[in-house]
Amino acid sequence: MTATKEEVIAFMKSEFPQSKCVVEAVSNGGATVSHHVGQDELRPGGTVSGPVLMSVADVALYVAILGKIGIVPLAVTTSLNN
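**Q** Before we go on, may I ask you to explain the overall build of the chain in this structure?
**A** What the chain contains, in helices and strands, is two helices and four strands. From first element to last, N terminus to C terminus, the chain shows the α and β order α-β-β-β-β-α. Its C-alpha atoms give the chain principal-axis dimensions of about 45 × 25 × 20 Å. A buried classification covers 27% of the 82 residues belonging to the chain. For the chain, restricting intrachain contacts to residue pairs at least 6 apart in sequence, the fraction spanning at least 24 positions comes to 49%. Put simply, the chain shows about 5600 Å² of open surface, and 59% of that area lies on carbon and sulfur atoms. One way to put it: in the chain the 5 positive side-chain charges average out to a point 3 Å from where the 7 negative ones average out.

Following this line, the structure appears as structure tokens:
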């Protein structure tokens, strides 16, 4: 079972209303997520902070998984290491 972009967007808005990530595209094999970066999310020199980058990466993978297997709320990241 897969989930459409519209289904994923509705789920994300319902379950993660605090998220600043925007679902741009969802396919059976991937996803595109964007995040507007404001002044508060920048480090000295104008670079995007690591926590923001990792948050966007985590959301993108979650959205891609939901697109592939359908809306399964507990299909989550349990560990994120470098």
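Back to the text.
**Q** Whenever I open this one, the pattern of salt bridges confuses me. Can you help?
**A** Where side chains of opposite charge bring their charged atoms close, a pairing between them can arise. Counted by the stated rule, this structure contains one salt bridge. When the shortest N-O distance is used, the salt bridge between K20 and E41 registers 3.3 Å. Taken together, the residues K20 in the loop between helix 1 (5–15) and strand 1 (21–27) and E41 in the loop between strand 2 (30–35) and strand 3 (42–43) connect sequence positions 21 residues apart. Relative accessible area serves as the criterion here: at 11%, E41 is assigned to the buried category.

**Q** Quick question: what am I supposed to make of the environment of A25 here?
**A** When you line up the elements, A25 lands in strand 1. Residues A25 and V63, 38 residues apart in the sequence, show an inter-C-alpha distance of 9.2 Å. Among all residues touching A25, those that are not within four sequence positions of it are K5, A31 and T32.

**Q** Sorry, what's going on with the side chain of E41 here?
**A** At a separation of 3.3 Å, a polar atom in the side chain of E41 contacts the side chain of K20. If sequence neighbours within four positions are ignored, E41 has contacts with K20, H35, H36, T47, V48, S49 and V52.

**Q** Could you clarify how one ought to interpret helix 1 in this entry?
**A** Along an α-helix, residues three or four positions apart point the same way, because every turn accommodates 3.6 residues. Within the sequence span of helix 1, burial applies to V8, F11 and M12. Along helix 1, the residues classed as buried sweep out an arc of 95 degrees about the axis, all on the same side. Projecting away from the buried face of helix 1 at angles above 90 degrees are the exposed residues E6, K13 and S14.

**Q** Honestly, the nonpolar core in this entry has me stumped. Any pointers?
**A** Soluble globular proteins tend to bury their nonpolar side chains together. Counting 14 residues, the largest nonpolar core has V8, M12, V23, V33, V59 and V63 as the members making the most contacts within it. Listed by contribution, the elements that provide at least two residues to this core are helix 1, strand 1 and helix 2 (50–69). The biggest single contributor to this core is helix 2, with six residues. Excluding residues that lie within four positions of it along the chain, V23 makes contacts with K5, V8, I9, M12, T32 and V63.

**Q** What am I meant to see in the packing of aromatic side chains here?
**A** Within a pair of aromatic rings, the relevant descriptors are the distance that separates the centres and the angle that separates the planes. Enumeration over the complete set of coordinates arrives at three aromatic pairs. Each ring, one from F11 and one from F16, has its centre 6.3 Å from the other, and the planes form 75 degrees; the classification is edge-to-face. A relative accessible area of 30% means that F16 is categorised as partly exposed. Consider the rings of F16 and Y62, whose centres lie 5.9 Å apart with planes at 90 degrees: the pair is edge-to-face. Within this pair, whereas F16 is found in the loop between helix 1 and strand 1, its partner Y62 is found in helix 2, the two being separated by 46 residues in sequence.

Thresholds, definitions, all that
- Residues numbered from 1 in each chain as written.
- Predicted model: local features only at pLDDT ≥ 70, side-chain atom pairs only at ≥ 80, totals over all residues.
- Heavy atoms only, no water.
- Helix = DSSP H or I, 4+ residues; strand = E, 2+ residues; numbered from the N terminus.
- Buried < 20%, exposed > 50% of the residue type's maximum accessible area, 1.4 Å probe, protein only.
- Contact = heavy atoms within 4.5 Å.
- Areas by Shrake-Rupley, 256 points an atom, 1.4 Å probe, with all protein chains shown as cover.
- Lys, Arg positive; Asp, Glu negative; His and termini not counted.
- Charge placed at Lys NZ, Arg CZ, Asp CG, Glu CD.
- Salt bridge = Lys/Arg side-chain N within 4 Å of Asp/Glu carboxyl O.
- Polar contact = N/O pair within 3.5 Å; in protein donor to acceptor, adjacent residues only side chain to side chain.
- Arc of directions from axis to C-beta.
- Core = buried A, V, L, I, M, F, W, Y, C linked by side-chain atoms within 4.5 Å.
- Phe/Tyr/Trp six-rings, centres within 6.5 Å; stacked < 30°, edge-to-face > 60°.

By themselves, these figures tell us nothing about what the structure is for.
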